[in-house]
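If you want the building blocks of each chain, they are given just below.
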Amino acid sequence: MQKLSARQRTLAGVLEFSGFGVHSGLPVTLTIAPAAPDSGYLITRLLENGGKVGPVPVHFSRVTRTTLCTTLDLGESVSVATIEHVISALSGLGVDNAHLTLNGTECPILDGSAWPYVEGITEVGLEVQPAPRRYIKIMRQVLVRNNEASAALEPYNGRMLDLEIDFDSRVIGRQRMIFDWTPRKYYDDVSRARTFGFVRDAKILRQAGYALGSSLDNSITVHEDRILNPGGLRYDDEFVRHKLLDAIGDLALCGLPIYGRFRSYKGGHALNALVLHGLFASDANYEIVSAEDLPLAFDALDDMPEGIAVRPYLRSVG
């Protein structure tokens, strides 16, 4: 009998989040609804004139900009920015299929992490679906570079991320995190890590149209050798954990969860997108496999956070 952990999952209900974009500063409402098996992540943008664009797949081939966030082109000259945090939450908790609908140009930043999304998913719960879960299994290394920075996907018997950052800042410095994924570990070790920025960059960014909605409520703010946020850090190494959170969201744009290892040094959204383009440049780089065909018993999805209900799929009879 097929294990429940080898089947796809969606949300057990509808979630709604209201806030504003960290870059645009504009109000926005995002709804996340269940989606059919094999849908992946879909997105619809509601327009001011009452029309809409979508649903279209949330996919790396639609990435048009990676400056400070990941922006997708939905077609018809419509885009959506800062998609990475909500997709990270879905992927991090093992949600395979979901439909996102929003009425603005950017996903709400909320507290700057994936935590509000994770709390919502935990509250509504997950539903197991009849279709088998599939993975993109990395078959050979794919490496991309930009000067000192690099990102790579490699064969590995599991799902691992190994990230290292190095900032010219005494507050941040050099940090590394090695993360073997399970939903519980994502919940505990990654989801609450917030985005961050430097006071020295604020004026230039705002003149360029970025960070118009940034504040101490949604970003760790570094000024010289100090963190300005009254509560300090949520994790001692919150900076690298947020980079890992971003990478999980960006890599999920390949359409299926990745079975392999991701390594990054001084990377970011641009290299995350570039390594996916490199992955799909050759069929020899990957295989699409069923969860039950993986080389070891793959039960990471059984390691769920406490308090999240996972409803089994019940086949109707009669």
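Just so we're clear, the structure is a prediction, and the values are computed from it rather than from any experiment.

Draft legend 1. Structural view of the packing of aromatic side chains. In this structure the tally under the stated criterion is 8 aromatic pairs. On the numbers, 4.8 Å between centres and 70° between planes, the contact of Phe17 with Tyr117 is edge-to-face. Highlighted residues: Phe17 in strand β2 (residues 15-20) and Tyr117 in helix α2 (residues 115-124), separated in sequence by 100 residues. You'll find Phe17 and Tyr117 in the same group, each marked buried. Here Phe196 and Phe239 contribute two aromatic rings whose centre-to-centre distance is 5.0 Å and whose plane-to-plane angle is 85°, an arrangement assigned as edge-to-face. Of this pair, Phe196 sits in strand β16 (residues 196-198) while Phe239 sits in helix α5 (residues 238-251), placing them 43 residues apart in sequence. Pair check on accessibility: Phe196 and Phe239 agree, each one buried. Connected via pairs of aromatic rings, a cluster forms that spans Phe167, Phe196, Phe198 and Phe239. One residue, Arg200, lies across the ring of Phe198, its end atom 4.2 Å from the ring centre.

Draft legend 2. Expanded view of the sheet that holds strand β7 (residues 71-75). On the basis of which strands lie adjacent, the open sheet formed by 3 strands has the order β6-β7-β8 and antiparallel pairing. Bordering the open sheet on either side are β6 (63-65) and β8 (78-80), each of which pairs with just one other strand. On average, each strand axis in the sheet is inclined to that of its neighbour by 45°, with strand direction left out of account. Sheet topology note: the β7/β8 ladder contains 3 bridges and is antiparallel. Residue pairing across strands places Asp73 opposite Ser79, the latter belonging to β8.

Draft legend 3. Quick peek at the pattern of salt bridges. Throughout the structure, instances matching the rule amount to 12 salt bridges. In this structure, the salt-bridge partner of Arg234 is Asp111, at a minimum N-O distance of 2.9 Å. With Arg234 in the loop between β18 (226-227) and α5 and Asp111 in the loop between β9 (98-102) and α2, this residue pair connects regions lying 123 residues apart in the sequence. The exposure class assigned to Arg234 is partly exposed, which follows from its relative accessible area of 29%. Taking the relative accessible area as the measure of exposure, Asp111 reaches 13% and is therefore buried. The residue Arg263 makes a salt bridge to Glu154 at a minimum N-O spacing of 2.5 Å. Separated by 109 residues along the polypeptide, Arg263 in strand β19 (residues 258-265) and Glu154 in strand β13 (residues 149-154) bring together distant segments of the chain. With a relative accessible area of 31%, Arg263 lands in the partly exposed category. A relative accessible area of 8% places Glu154 in the buried class. Bridged by salt links that share partners, the residues Glu154, Arg261 and Arg263 form one connected network.

Rules behind the numbers
Residues numbered from 1 in each chain as written. Predicted model: local features only at pLDDT ≥ 70, side-chain atom pairs only at ≥ 80, totals over all residues. Heavy atoms only, no water. Phe/Tyr/Trp six-rings, centres within 6.5 Å; stacked < 30°, edge-to-face > 60°. Helix = DSSP H or I, 4+ residues; strand = E, 2+ residues; numbered from the N terminus. Buried < 20%, exposed > 50% of the residue type's maximum accessible area, 1.4 Å probe, protein only. Lys NZ or Arg CZ within 6 Å of the ring centre and 35° of its normal. Pairing = 2+ DSSP bridges. Axes fitted to C-alpha atoms, helices over the stretch in contact; angles between N-to-C directions. Salt bridge = Lys/Arg side-chain N within 4 Å of Asp/Glu carboxyl O.

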